[in-house]
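Per-entry structural report
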Amino acid sequence: MRIAEVAPLFESVPPHQYGGTERVVSWLTEELVRQGHDVTLVASGDSTTSARLFAAWPQALRLGEPIIDSLSPQILETELVAAMAHEFDVIHWHTGYMHLPVARYLAVPHVTTMHGRLDLPELKPLFDVLGDAPLISISDDQRRPIPNANWVQTIHHGLPEDLHALGDGSGGYLAFLGRISPEKGVDRAIEIAKKVGIQLRLAAKVDPADEEYFRAEIEPLLDHSLIEFIGEIGDDAKTEFLGNAAALLFPIDWPEPFGLVMIEAMACGTPTIAVPSGSVAEVIEDGITGAYVSSLEDAVEAVEHLDRFDRAAVRARFEERFTARRMAQNHVALFERLTERGRVTYSVPSPHVGEPEPPELALRNEVATG
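Residues numbered from 1 in each chain as written. Predicted model: local features only at pLDDT ≥ 70, side-chain atom pairs only at ≥ 80, totals over all residues. Heavy atoms only, no water.

**Notes on the overall build of the protein**
Using the following cut-off: For helices the rule is a DSSP run of H or I covering at least 4 residues; for strands it is a run of E covering at least 2, with both sets numbered from the N terminus onward. Computation of the radius of gyration draws on C-alpha atoms, with the globule rule given as 2.2 Å multiplied by the number of residues to the power 0.38. For every residue, the accessible area obtained with a 1.4 Å probe (protein chains only) is divided by the maximum for its type, and the residue is called buried under 20%, exposed over 50%, and partly exposed between those limits.
Across its full length, the protein carries 13 helices and 13 strands. Scaling as 2.2 N^0.38, a compact globule of 370 residues should have a C-alpha radius of gyration of about 21 Å, and the protein matches this with 22 Å. Taken over the C-alpha atoms alone, the protein extends approximately 70 × 45 × 40 Å along its principal axes. The buried share of the protein, reckoned over its 370 residues, is 52%.

**What to know about the sheet that holds strand β13 (residues 290-292)**
What holds strands together in a sheet is hydrogen bonding between their backbones, with the strands either parallel or antiparallel. Basically, it comes down to this: Two strands make a pair as long as DSSP finds a minimum of two bridges between them. Lines fitted to C-alpha atoms define the axes, with helix axes restricted to the stretch in contact, and inter-axis angles between N-to-C directions lie between 0 and 180 degrees. We call two residues contacting when some pair of their heavy atoms lies within 4.5 Å.
One open sheet holds the six strands; their spatial order is β10-β9-β8-β11-β12-β13, and the pairing between them is parallel. Unpaired on one side and paired on the other, β10 (227-229) and β13 mark the two borders of the sheet. Between one strand axis and the next, the sheet turns through 20° on average, direction left out of account. Looking at chain direction, strand β8 (residues 174-179) and strand β9 (residues 200-205) are connected through six bridges and run parallel. Paired with Ala 175 across the bridge in β9 is Arg 201. Of the strands in this sheet, β8, β9 and β11 (247-250) touch helix α7 (residues 235-243), which is tilted by about 145° from β8.

**Some details on the packing of aromatic side chains**
Put simply, the rule is: Only rings of Phe, Tyr and Trp enter the pairing, Trp through its six-membered ring, and a pair is recorded when the two centres are within 6.5 Å. The plane angle decides the type: under 30 degrees is stacked, over 60 is edge-to-face, the rest tilted.
Across all of its chains, the model carries four aromatic pairs by this definition. When the ring of Phe 214 is compared with that of Phe 229, the centres are 5.5 Å apart and the planes differ by 35°; the resulting orientation is tilted. Taken as a pair, Phe 214 in helix α6 (residues 211-218) and Phe 229 in strand β10 lie far apart in primary sequence, 15 residues in all. A relative accessible area of 5% means that Phe 214 is categorised as buried.

**What to know about empty space enclosed by the protein**
Quick reminder of the rule: Cavity: a set of points on a 1 Å grid over the protein atoms alone where a 1.4 Å probe fits but cannot get out. Pocket: an open set with protein on both sides within 12 Å along at least five of seven lines, its lining residues, like those of a cavity, having an atom within 4 Å of a point. Grid points are joined across faces, edges and corners, and a volume is the space filled by probe spheres set on the points. Gly is placed with the polar residues, together with every amino acid not listed as nonpolar (Ala, Val, Leu, Ile, Met, Phe, Trp, Tyr, Cys and Pro) or charged (Asp, Glu, Lys and Arg).
Under the criterion given, the structure shown has one cavity of 30 Å³ or more. Volume-wise, the largest cavity comes out at about 50 Å³. The set of elements that each furnish at least two residues to the lining of the largest cavity consists of α1 (20-34) and α12 (324-341). Here the residues of the lining of the largest cavity are counted per class, giving six nonpolar, five polar and no charged.

**Regarding a negative patch on the surface**
Inclusion rule: Surface patches are defined over residues having more than 30% relative accessible area and no salt bridge, joining like charges when they lie within 9 Å and nonpolar side chains (Val, Leu, Ile, Met, Phe, Trp, Tyr) when within 5 Å. Here the accessible surface of atoms and residues is derived via Shrake-Rupley with a 1.4 Å probe, and residues count as covered only by protein chains that are part of the display. By definition, a salt bridge exists where a carboxyl oxygen of Asp or Glu is found within 4 Å of a side-chain nitrogen of Lys or Arg. Asp and Glu are treated as the negative residues and Lys and Arg as the positive ones, with His and the ends of the chain left uncounted. Every charge is mapped onto a representative atom, which is NZ of Lys, CZ of Arg, CG of Asp or CD of Glu.
A cluster of acidic side chains, namely Asp 187, Glu 191, Glu 217 and Glu 297, defines a negative patch on the protein surface. On the accessibility criterion, Asp 187 (35% relative accessible area) is partly exposed.

**Describing the pairing of β9**
Under the convention used in this document: Throughout, right-handed denotes a crossover for which the path from the first strand over the helix to the second runs clockwise when the strands point away from the viewer.
Along β9, five of the six residues are buried, which leaves the element largely enclosed by surrounding structure. Taking the sense of rotation as the criterion, the β-α-β connection linking β8, helix α5 (residues 186-196) and β9 turns out right-handed. Sheet analysis places β9 next to β10, joined by three bridges and oriented parallel. Bridging across to β10, Leu 200 finds its partner in Ile 227. Handedness of the β9-α6-β10 crossover: right-handed.

**Re the pairing of strand β2 (residues 38-44)**
In terms of residue burial, β2 counts as a mostly covered element, since six of its seven residues are buried. Two elements, strand β1 (residues 2-6) and β2, share five bridges in a ladder whose sense is parallel. Pairing of Ala 4 across the sheet is with Thr 40, part of β2. Pairing geometry for β2 and strand β3 (residues 52-57), over five bridges, is parallel. Within β3, the position partnered with Val 42 by the bridge is Phe 54.

**Examining the packing of helix α8 (residues 260-267) against helix α11 (residues 311-321)**
So the rule is basically this: Any angle that falls under 35 degrees is termed roughly parallel, while one over 145 is termed roughly antiparallel, one within 65 to 115 roughly perpendicular, and all others oblique.
Close contact between α8 and α11 brings their axes to 7 Å; oriented N to C, the two are set at 125°. Taken as axis vectors, α8 and α11 run oblique relative to one another. Two secondary-structure elements touch here, α8 through Ile 263, Met 266 and Ala 267 and α11 through Val 314, Arg 315, Arg 317 and Phe 318. Its residues assigned to classes, the contact of α8 with α11 comprises five nonpolar, no polar and two charged.

**A few points about α1**
Quick reminder of the rule: Helix span, as expected, comes to 1.5 Å for every residue beyond the first.
Its 15 residues place the ends of α1 21 Å apart at the C-alpha level, agreeing with the 21 Å of an ideal helix rising 1.5 Å per residue. Most of α1 sits inside the fold, with 11 of its 15 residues counted as buried. Within α1, the full set of buried residues consists of Thr 21, Glu 22, Arg 23, Val 24, Val 25, Ser 26, Trp 27, Leu 28, Thr 29, Glu 31 and Leu 32. Elements that come into contact with the buried residues of α1 comprise β1, β2, β4 (90-93), α7, α8 and α12.

**What to know about the sheet that holds β4**
Taken together, seven strands build an open sheet; the order of strands is β3-β2-β1-β4-β5-β6-β7 and the sheet is parallel. The open sheet has two edge strands with one neighbour each: β3 and β7 (151-154). Neighbour to neighbour, the strand axes of the sheet diverge by 25° on average, direction disregarded. Each of β1, β2 and β4 touches α1; the most contacted strand, β2, lies at about 155° to it.

Right, here's the structure in full:
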């Protein structure tokens, strides 16, 4: 198949450090190429891929040259993809919803993976209008805020089987890997570590939007002998970081859409102690690959009984459920179904959202794409 994978421009593909969406796009793209498909990756020019790279912008927006208007490159990317849409059998978007007003009128089958949170009040009226756009969810739970959207399939993330190796947890420390923000529960992780008296190593990114939170709420908690703040790390450091950890702490306080770090830990044989919010119950199997906790007391008890986990069994569950090969196969099967449907006719939304429209306007608005 001739497939376009359209990535966000904020990070390169793969990202140099933090960047969950771009990392998944890279793994999917490389596996699709390995399986023999003709893949074009639309991404920033500093991306690296075995597919054909179409650079929609010279550098990733976050780590490249300072840019005043980040919206312009994203709109440009959408227009460039639309201009060459005829070159593809299917277009797979990873760019949120900005492209949907354009993509829905293309003659080429398309689908969008929603990578982020959807429990925002502004999204419901948007998808009331754009509700015919086909969407992939990364967990079943992710769909809950907008259940009436055109969800065509849930496809869990996967990563290359050889990316991480089974570790023995010999470091004995607890690990936190991800982004420092209120919903990620870094403060909870610190509290758990102090309560059980075990070292916590924090490999975490601080976004500009969370800088004030970090300085005010988290930085004062780091002045403790058990807490070590490492900062951002890339894929090359994750195997050692996660493989040497006794457990990963994932004490989130939000409906996590997927939580890539959980399967990264799983690939290293490291159990995850997590609050079962959002996708957690779809990813972690309680008592097999980790433990569900709902309080500090639960978390402390789980840490004290980490010897019940068989790290080889944790790794085995990763190989059964969360590989890039399985992820790519699921996508190809969906792409084939979409191309079999052929061209889709959409209804142009009324400009009077939420209001009854006159009969003559309703009739005029029922048009085919073309």
